[in-house]
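Observations on chain architecture
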Number of protein chains: 4
Amino acid sequence: MTTSSSETPGTTHGSEAPHRGTGPAGATDRTVRVGIVGASGYTGAELMRLLAGHPNLEIAFATGASQAGTPVGELYPSLAAAYANVAFVPYEPGLADDVELVFCGLPHGSSMELMAELLPRAGKVVDLGADFRLPSAAGYQQWYGDVHTAPELLDQAVFGLTELCRDRVSEASLVANPGCYPTGPSLGLVPFTSAGLVELTGIIVDAASGVSGAGRPPKPNTTFCTVDENFTAYGLLDHRHTAEMELTTGAQVLFTPHLAPMNRGILATSYARPTDDLTTAKALDLLHETYADEPFVVVSEAGPSTKATLGANTVHLTARVDPRTGWLVVISALDNLVKGASGQAIQNANLMLGLREVAGLPTVGLMP
Amino acid sequence: MTTSSSETPGTTHGSEAPHRGTGPAGATDRTVRVGIVGASGYTGAELMRLLAGHPNLEIAFATGASQAGTPVGELYPSLAAAYANVAFVPYEPGLADDVELVFCGLPHGSSMELMAELLPRAGKVVDLGADFRLPSAAGYQQWYGDVHTAPELLDQAVFGLTELCRDRVSEASLVANPGCYPTGPSLGLVPFTSAGLVELTGIIVDAASGVSGAGRPPKPNTTFCTVDENFTAYGLLDHRHTAEMELTTGAQVLFTPHLAPMNRGILATSYARPTDDLTTAKALDLLHETYADEPFVVVSEAGPSTKATLGANTVHLTARVDPRTGWLVVISALDNLVKGASGQAIQNANLMLGLREVAGLPTVGLMP
Amino acid sequence: MTTSSSETPGTTHGSEAPHRGTGPAGATDRTVRVGIVGASGYTGAELMRLLAGHPNLEIAFATGASQAGTPVGELYPSLAAAYANVAFVPYEPGLADDVELVFCGLPHGSSMELMAELLPRAGKVVDLGADFRLPSAAGYQQWYGDVHTAPELLDQAVFGLTELCRDRVSEASLVANPGCYPTGPSLGLVPFTSAGLVELTGIIVDAASGVSGAGRPPKPNTTFCTVDENFTAYGLLDHRHTAEMELTTGAQVLFTPHLAPMNRGILATSYARPTDDLTTAKALDLLHETYADEPFVVVSEAGPSTKATLGANTVHLTARVDPRTGWLVVISALDNLVKGASGQAIQNANLMLGLREVAGLPTVGLMP
Amino acid sequence: MTTSSSETPGTTHGSEAPHRGTGPAGATDRTVRVGIVGASGYTGAELMRLLAGHPNLEIAFATGASQAGTPVGELYPSLAAAYANVAFVPYEPGLADDVELVFCGLPHGSSMELMAELLPRAGKVVDLGADFRLPSAAGYQQWYGDVHTAPELLDQAVFGLTELCRDRVSEASLVANPGCYPTGPSLGLVPFTSAGLVELTGIIVDAASGVSGAGRPPKPNTTFCTVDENFTAYGLLDHRHTAEMELTTGAQVLFTPHLAPMNRGILATSYARPTDDLTTAKALDLLHETYADEPFVVVSEAGPSTKATLGANTVHLTARVDPRTGWLVVISALDNLVKGASGQAIQNANLMLGLREVAGLPTVGLMP
């Protein structure tokens with residue numbers, strides 16, 4: 001979607017983006033039971049927040065190993081009104097038998113352990129963890145330092161960066177949802193890398209993330225007094241999401257993540273070398289054309305801000321070409337827990353279930 | 001609604017609270033055109049955020065004096081995806097002719113100037129400003145220091161604290177939406193004041209608010225560097241919202257507002273003197289009973305937090321009675337822009353239009 | 001000190017307040033070796049920050065049980081430049097033999113265990129913990145729920161709210177430094193309670209604190225994502241610092257602490273009932289007179305803000321009397337880690353060692 | 001200064017770094033009267049905060065055009081205790097006659113107007129504005145878009161990045177203090193550029209700054225509700241501080257500044273292409289060697305954080321070389337108002353006046 005010059009206001013779009021027609025007729029009427037394995041973490045809680053407003057998906061169970069028995073509203077008072085009398089339950093394979101799809105929100109290394117039994121029972125799985133994102137067991141070992149215990153499932157796993165893999169996602173039974181960092185810079189860079197407009201080496205992605213990306217468990221580096229009024233770099237040279245960016249762009253990427261004193265949001269500023277004469281106007285045109293029909297991508301000349309995406313499933317993009325130094329600069333912003341995790345997971349689930357891709361996904365952010 | 005002990009999870013409520021049956025059959029099918037006068041401020045932007053997801057209400061126009069001609073997505077990038085091609089327009093009375101209801105988000109003193117011409121044209125108005133909240137022109141002059149220019153309209157104006165005035169709101173053509181501060185402490189104290197359980201003098205309401213309550217225009221006291229890492233009291237002894245709290249409780253109230261370094265949220269800690277022996281258990285029971293069927297009120301023993309209400313139309317309440325000092329302590333939390341302003345305005349509009357009271361109103365908050 | 005009407009600027013005071021003449025001649029020349037037991041927590045780190053600039057005090061050792069062997073600059077990079085090559089050491093009684101004073105920054109319950117051996121070796125101790133603040137073992141048991149294991153030392157312990165107990169502190173060998181909350185409201189209320197100007201029952205102290213008051217160890221309730229953009233009440237009815245406020249004021253106090261999304265600062269809004277006709281002017285005059293010569297107390301009609309005290313050893317005070325409801329309102333602000341802890345500890349140590357009371361203590365805050 | 005492996009603690013350095021011997025014997029005893037022209041902005045207020053603790057410098061006057069007559073403690077309550085009875089005065093040239101040095105904190109374009117009359121009267125001036133930073137009037141016009149009105153003074157102006165120009169600063173009468181952004185990346189990159197270890201084209205500096213860099217006057221883009229929970233890029237391709245970075249490094253630089261939701265601090269992540277085989281170990285060694293004797297530069301393998309520098313005059317540096325992509329990454333952190341502005345201004349003034357370079361400059365940061 002592209003913000004264009006203003007007109008006399010007519011009727012507005014809803015908070016849901018317009019139907020992209022990817023679902024069959026009557027898709028809007030179905031009610032589908034889904035489950036969440038590993039629901040007590042931030043991505044799980046965000047799934048519950050978004051699913052509470054989904055017109056088709058109904059939560060059949062929400063598991064939480066450490067929180068089994070805890071009422072949802074006790075751990076997340078923000079969910080108390082919508083999930084009164086609902087508690088986290090312990091995981092057992094049988095839970096998957098009476099649902100059509102399972103969202104898996106476990107830490108990396110865990111979903112590969114149960115996928116072989118979970119997938120056949122559930123039929124369809126969206127895995128928000130890292131286990132099935134990389135195409136090979138070798139790649140997993142290189143970036144995660146562990147042996148992959150379910151390599152036989154890697155072939156059927158589809159990388160779920162929806163706008164780039166929509167057709168494959170629609171037919172997939174197992175979708176590996178991208179990490180929070182790769183979605184923004186990938187959507188910003190791929191139009192250029194895939195068209196051969198930039199060199200495929202020496203690309204730099206410099207990004208800042210809110211603290212929710214570090215998850216719910218208390219850690220010394222995520223206490224309020226450590227993070228507040230602080231800005232710092234981390235994961236220098238070898239952050240694991242680098243592999244996903246190289247996968248989507250087909251280019252060599254140096255990725256430097258930073259931690260910003262805010263709850264949510266990732267802004268990524270990416271730098272690439274044009275192969276031929278490129279201008280800011282041409283770069284913006286390419287982004288506009290590429291994403292003109294996308295309900296969750298906003299391209300504009302104005303610089304993106306994470307706040308414009310707070311709580312929404314949108315990605316905001318802009319680009320510049322510097323005539324002085326020659327660099328192409330692409331900037332992207334999104335909410336790491338929505339388009340960067342749980343929102344995109346639901347977007348993928350909608351496609352896998354033949355529902356409207358946009359069902360239950362807000363496009364308006366919370367501002368201020 | 002009351003968070004109670006956990007059970008095996010069944011199906012979940014949606015983000016909308018369950019239908020309270022206040023609308024006629026088929027109420028869910030209608031599409032109603034509404035307008036917003038004064039839409040460029042924070043309450044106007046929040047109306048647009050919430051209405052983007054409303055199943056029945058459709059925005060016909062959004063006026064903004066200083067922002068006329070500005071695309072909505074330019075002033076509020078968070079709304080760009082849902083309101084592409086929509087711009088703020090200048091106000092003119094004729095705009096109200098083809099809508100069923102107008103939300104008025106003007107600064108105090110402004111809506112009284114145009115209400116006489118706006119109300120007959122629109123038929124129904126929810127005024128988010130202060131002009132019609134107090135029952136008498138004298139009261140307005142006492143607290144706002146100005147002469148009321150439309151006293152003849154005061155009689156038909158209904159104070160729109162929905163849970164306390166639901167029936168009158170349903171039949172009203174002009175609803176004066178409460179200020180951001182009074183809703184929380186009023187819902188917390190009224191069960192006690194109306195039952196004669198506390199003295200009606202010397203009540204203290206000590207509250208802290210996020211900065212969005214101060215509105216969008218830049219001011220020296222709301223710059224980031226002034227407010228961030230700062231906590232301060234303001235409006236000592238004579239804050240205007242005191243009058244609304246005294247109106248709802250029928251008691252004498254000393255109100256002390258504080259400014260907290262956050263965007264949204266109001267937490268109010270209220271103190272009253274029991275007239276007879278009261279205990280924490282009795283106080284909590286009274287709140288539970290009073291609000292058991294309310295979709296937007298969460299009563300729990302746990303202390304409320306503003307974050308649990310971020311972006312939602314809920315109020316969270318708890319109470320304590322101190323056996324040592326005898327004080328009753330009632331604590332309330334809400335989002336000042338939702339239940340404290342635009343969310344409650346839509347809740348009132350739903351009733352005035354015969355729609356489901358809960359239509360388009362989220363009960364889940366953004367956490368983290 | 002009182003901020004008064006402006007004059008042509010003359011020479012300025014230094015960041016240290018002017019000498020109050022409490023030290024002997026030549027007091028400024030001495031170098032005194034001191035030690036810190038329990039230096040790895042926030043109060044310990046703040047002692048190290050302030051002592052780095054102290055003209056007389058030199059740190060001989062800094063112990064940290066869990067951090068023994070860790071370079072100070074590794075745990076607190078903010079101290080790296082001043083404490084290069086300094087590491088935390090394990091505690092052993094002998095360390096105290098070659099210092100003149102020890103600051104004790106251990107959690108409550110710990111200092112009572114080692115005080116009997118530490119005090120004779122050190123000669124003088126300022127205990128920043130709670131063990132020796134309350135005058136009786138019974139009081140300790142009532143508020144802390146544990147048996148006091150060193151009741152025989154309680155008699156010689158002096159409560160170190162400097163402005164209220166300066167003479168006794170000067171002669172003390174063991175000073176119990178106040179908790180972070182009591183100093184502000186005590187300095188604000190005592191002029192009224194001690195003069196019989198307010199009733200000694202039903203006093204309310206409603207306060208908000210930054211998160212550093214909860215200490216360094218990560219906890220679920222102090223992660224960034226829990227606290228940021230959140231305001232909540234805690235410790236309802238029975239917070240332990242209540243006992244210290246009742247001790248200083250001789251009155252019955254209901255204390256309600258709140259957690260604000262900031263690193264430092266406590267603002268307390270206190271409410272008391274005048275016994276006779278009191279006015280805002282009289283109340284402000286009393287505060288001005290009481291603290292006219294105090295280097296660390298700023299009285300002004302303007303509302304205090306925590307930010308004005310950030311990093312400084314100052315307390316800012318104001319007062320109001322509401323003619324409508326009759327309440328006296330007293331507001332105080334300070335930095336919980338400076339005047340609320342480590343700064344006041346140094347102020348007390350200066351007196352105990354016969355140094356200038358103001359030595360090494362900044363009166364200017366970090367703004368913005 | 002280099003944080004090295006821990007040893008048994010000995011005596012500590014004070015908050016002032018050790019004397020670098022740049023001042024004559026007895027330098028510590030002098031009292032020097034200085035003035036501040038344009039003292040009401042953030043850099044002026046920070047000069048007053050730091051000078052309040054300076055052993056040699058005494059403020060004779062502090063001018064503020066818009067704030068003339070306002071007590072310092074009214075505009076900055078944080079300074080109330082140290083500057084009671086001091087008010088901002090209107091500027092007049094005669095003020096400079098009885099001081100030895102003037103700090104000039106005016107907006108760019110203003111100091112060039114008065115420097116011709118101010119400099120001869122004051123004798124020595126440290127200009128915190130941009131007017132005299134670039135060596136040529138043409139450069140000023142290129143980056144600031146205005147004609148330089150005092151080009152004849154450009155030759156005698158010395159660029160005051162102290163560690164890089166110490167000797168020239170010591171002999172200068174007019175020092176142009178660097179902008180807030182260039183100091184960190186310049187200190188990080190110059191050891192590599194000056195040694196020919198990196199290519200002098202295509203260098204990228206990607207930085208994030210706290211909001212105080214935007215100054216005190218309220219603006220739409222610096223209100224709390226705009227900035228809080230937000231991260232965004234600005235000044236794309238043509239930020240004016242680029243020119244200073246190219247000046248110090250002698251290289252071509254693309255600079256992308258970002259705004260982070262915090263009061264203070266700048267973290268810059270710089271990328272350059274090694275000309276020959278470079279490793280992380282070699283890069284760190286070079287930084288260690290270069291700054292081993294510098295009192296305000298901390299080199300460590302750990303990633304710098306802005307919080308470690310809060311309120312201090314220190315710069316923290318680290319470096320990495322990525323064997324996979326070949327990039328050299330240099331990261332720097334500082335407090336934009338201290339080493340990035342007023343602290344470095346005092347460091348320069350100390351040298352110009354023959355005082356100890358470190359006098360009055362804290363090296364410890366406020367953490368938490």
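All values derive from a computational prediction rather than experimental measurement.

Moving on, we get to the overall build of chain A. Looking only at helices and strands, chain A features 10 helices and 13 strands. Across its three principal axes, chain A shows a C-alpha extent of roughly 60 × 55 × 45 Å. A buried classification covers 66% of the 368 residues belonging to chain A. In chain A, once contacts between residues fewer than 6 apart in sequence are set aside, the share between residues at least 24 apart is 73%. Computed over 20 positive and 37 negative side-chain charges, the inter-centroid distance for chain A is 3 Å.

All names here are of chain A. You can read the domains of chain A as domain 1 (14–177 + 340–352) and domain 2 (181–335). The gap between the C-alpha centroids of domain 1 and domain 2 is 24 Å. On the side of domain 2, 29 residues touch domain 1, which itself brings 27 residues to the contact. Interface of domain 1 and domain 2: buried area, both sides summed, is about 2300 Å²; carbon and sulfur atoms make up 58% of it. Its largest share of buried area at the contact with domain 2, domain 1 owes to Tyr42, Trp143 and Glu163, together 27% of the area lost on that side. On the surface where domain 1 and domain 2 come into contact, there are three salt bridges. Where domain 1 meets domain 2, there are 12 residue pairs in polar contact (both at pLDDT 80 or more). Elements supplying a minimum of two residues to the side of domain 1 that touches domain 2: helix H1 (42–51), helix H4 (137–144), helix H5 (162–171) and helix H10 (338–352). The element that contributes the greatest number of residues to the side of domain 1 that touches domain 2 is H10, accounting for four residues. A per-class count over the side of domain 1 that touches domain 2 returns 12 nonpolar, nine polar and six charged.

Here we take up the interface of chain A and chain D. In this assembly, 46 residues from chain A lie in contact with 46 residues from chain D. Between chain A and chain D lies a buried interface of about 3800 Å² when both sides are counted; carbon and sulfur atoms form 59% of it. The largest per-residue losses of area from chain A upon contact with chain D belong to Glu229(A), Phe231(A) and Arg324(A), which jointly make up 18% of the total buried on that side. The tally of links from chain A across to chain D stands at two salt bridges. Two residues, Glu246(A) and Arg324(D), come together in a salt bridge whose shortest N-O distance is 2.7 Å. Broken down by secondary-structure element, the contributors of at least two residues to the side of chain A that touches chain D are strand E7 (203–209), helix H7 (224–227), strand E8 (232–233), helix H8 (241–249), strand E9 (253–259), strand E10 (266–272), strand E12 (315–321) and strand E13 (328–334) of chain A.

Residues and elements named next belong to chain A. Annotation from UniProt places "active site" (unreviewed entry) at Cys180. Residue classification places Cys180 among the buried positions, given a relative accessible area of 14%. Excluding residues within four positions of it along the chain, Cys180 makes contact with His241, Ile266, Leu334, Asn336 and Gly340.

Another aspect to go through is the pattern of salt bridges. Between side chains of opposite charge, a pair can form when the charged atoms approach closely. For the structure shown, the criterion picks out 52 salt bridges over all chains. Close ionic contact of Asp97(C) with Arg121(C) constitutes a salt bridge, the shortest N to O distance being 2.8 Å. Placement of the pair is Asp97(C) in the loop between helix H2 (72–75) and strand E3 (101–104) and Arg121(C) in helix H3 (residues 111–122), with a sequence separation of 24 residues. The class for Asp97(C) is partly exposed, based on a relative accessible area of 48%. A salt bridge links Glu163(D) to Lys339(D); the shortest N-O distance between them is 2.7 Å. Residue Glu163(D) is found in helix H5 (residues 162–170), and its partner Lys339(D) is found in helix H10 (residues 338–352); the two are separated by 176 residues along the sequence. Residue Glu163(D) shares its accessibility class with Lys339(D), and that shared class is buried. Residues joined in a network through salt bridges with shared partners are Glu46(A), Arg49(A), Arg264(A) and Asp335(A).

Moving on to the relation of the copies chain A and chain D. Of the two same-sequence chains, chain A is brought onto chain D (RMSD 0.0 Å, axial shift 0.0 Å) by a rotation of 180°. Overall, the copies show the geometry of a two-fold rotation axis. When the interface residues of chain A are mapped onto chain D, 100% of them again lie at the interface, so the same face is used by both copies.

Moving on, we come to the sheet that holds strand E11 (residues 297–299) of chain A. Residues and elements named next belong to chain A. Read across the sheet, seven strands follow the order E8-E9-E7-E10-E13-E12-E11 without closing on themselves; strand pairing throughout is mixed. Among the strands making up the open sheet, the edge pair consists of E8 and E11. In the sheet, E11 pairs with E12 via three bridges, with the strands oriented parallel. Counterpart to Val299 in the pairing with E12 is Leu317. Along the sheet, helix H6 (residues 183–193) makes contact with E7, E10, E12 and E13, crossing E13 at roughly 145°.

A complete count under the given rule lists 18 aromatic pairs over all chains for this structure. Note on Phe224(B) and Phe224(D): the rings are 5.4 Å apart at their centroids and 10° apart in plane angle, and the pair reads as stacked. Here Phe224(B), found in helix H7 (residues 224–227), pairs with Phe224(D), found in helix H7 (residues 224–227), and the two come from separate chains. Just as Phe224(B) is buried, Phe224(D) falls in that class too. Centroid distance Phe231(B) to Phe231(C): 5.6 Å. Interplanar angle 5°. Geometry classified as stacked. Note that Phe231(B) is positioned in the loop between H7 and strand E8 (232–233) and Phe231(C) in the loop between helix H7 (224–227) and strand E8 (232–233), a pairing that runs across two chains.

It is worth spelling out the pairing of strand E12 (residues 315–321) of chain B at this point. All names here are of chain B. Of all the seven residues making up E12, seven are buried; the element is thus mostly covered by neighbouring parts of the structure. Both faces of E12 are covered, namely the face carrying Val315, Leu317, Ala319 and Val321 and the face carrying His316, Thr318 and Arg320. Judged from the six bridges that link them, E12 and strand E13 (residues 328–334) form a sheet pairing that is antiparallel. Its bridge partner lying in E13, Ala319 is registered against Val330.

Residue and element names in this part refer to chain B. The strand order across the open sheet formed by seven strands is E8-E9-E7-E10-E13-E12-E11, and the pairing between neighbours is mixed. Each having just a single partner strand, E8 and strand E11 (297–299) make up the two edges of the open sheet. This element, helix H8 (residues 241–249), spans strand E7 (203–209) and strand E9 (253–259) of the sheet and lies at about 135° to E9.

Structurally, Thr256(A) can be placed in strand E9. According to the relative accessible area criterion, Thr256(A) is buried, its value standing at 2%. Looking at Thr256(A), its side chain comes within polar contact range of the side chain of Tyr271(D), at 2.8 Å. Residue contacts for Thr256(A): discarding those within four places in its chain leaves Val205(A), Asp206(A), Ala207(A), Leu236(A), Thr269(D) and Tyr271(D).

Bringing the packing of helix H6 (residues 183–193) of chain D against helix H8 (residues 241–249) of chain D into the picture now. All names here are of chain D. At a closest axis distance of 9 Å, the pairing of H6 and H8 adopts a crossing angle of 35°. For the crossing formed where H6 meets H8, the hand is right-handed. Contacts between H6 and H8 involve Pro185, Ser186, Leu189, Val190 and Thr193 from the former and Met245, Thr248 and Thr249 from the latter. The residue makeup of the contact of H6 with H8, split by class, is four nonpolar, four polar and no charged.

Once that is clear, we can look at the environment of Gly303(A). Relative to the elements of secondary structure, Gly303(A) occurs in the loop between E11 and E12. Excluding anything up to four places from it in sequence, Gly303(A) contacts Thr318(A) and Thr232(D).

Further remarks concern unusual backbone geometry. The omega torsion of the bond from Met367(C) to Pro368(C) falls at -5°, within 30 degrees of zero and hence cis. Here Pro368(C) lies in the segment after helix H10 (338–352). Positive phi values are uncommon outside glycine, yet Glu229(A) reaches one of about 60°. Mapped onto the elements of the fold, Glu229(A) is located in the loop between H7 and E8. For Glu229(A), a relative accessible area of 7% translates into the label buried.

Residue and element names in this part refer to chain D. One can describe the packing of helix H1 (residues 42–51) onto H10 by two numbers: an axis separation of 9 Å at closest approach and a directional angle of 50°. Taken together, H1 and H10 sit at an angle that is classed as oblique. Judged by the twist between their axes, the crossing of H1 over H10 is right-handed. Contacts between H1 and H10 involve Thr43, Glu46, Leu47, Arg49, Leu50 and Leu51 on the former and, on the latter, Val338, Ala341, Ser342, Gly343, Ala345 and Ile346. Residues belonging to the contact of H1 with H10 are distributed by class as follows: seven nonpolar, three polar and two charged.

What counts and what doesn't
Residues numbered from 1 in each chain as written. Chains lettered and ligands numbered in written order. Predicted model: local features only at pLDDT ≥ 70, side-chain atom pairs only at ≥ 80, totals over all residues. Heavy atoms only, no water. Helix = DSSP H or I, 4+ residues; strand = E, 2+ residues; numbered from the N terminus. Buried < 20%, exposed > 50% of the residue type's maximum accessible area, 1.4 Å probe, protein only. Contact = heavy atoms within 4.5 Å. Lys, Arg positive; Asp, Glu negative; His and termini not counted. Charge placed at Lys NZ, Arg CZ, Asp CG, Glu CD. Domains from an automatic or database assignment. Buried area = accessible area lost by both parts, 1.4 Å probe. Salt bridge = Lys/Arg side-chain N within 4 Å of Asp/Glu carboxyl O. Polar contact = N/O pair within 3.5 Å; in protein donor to acceptor, adjacent residues only side chain to side chain. Nonpolar A, V, L, I, M, F, W, Y, C, P; charged D, E, K, R; others polar. UniProt positions renumbered as here; feature names shortened; annotations may be inferred. Least-squares fit on C-alpha atoms with pLDDT ≥ 70 in both. Pairing = 2+ DSSP bridges. Axes fitted to C-alpha atoms, helices over the stretch in contact; angles between N-to-C directions. Phe/Tyr/Trp six-rings, centres within 6.5 Å; stacked < 30°, edge-to-face > 60°. Left-handed = near helix turned anticlockwise from the far one by under 90°. Parallel < 35°, antiparallel > 145°, perpendicular 65-115°, else oblique.

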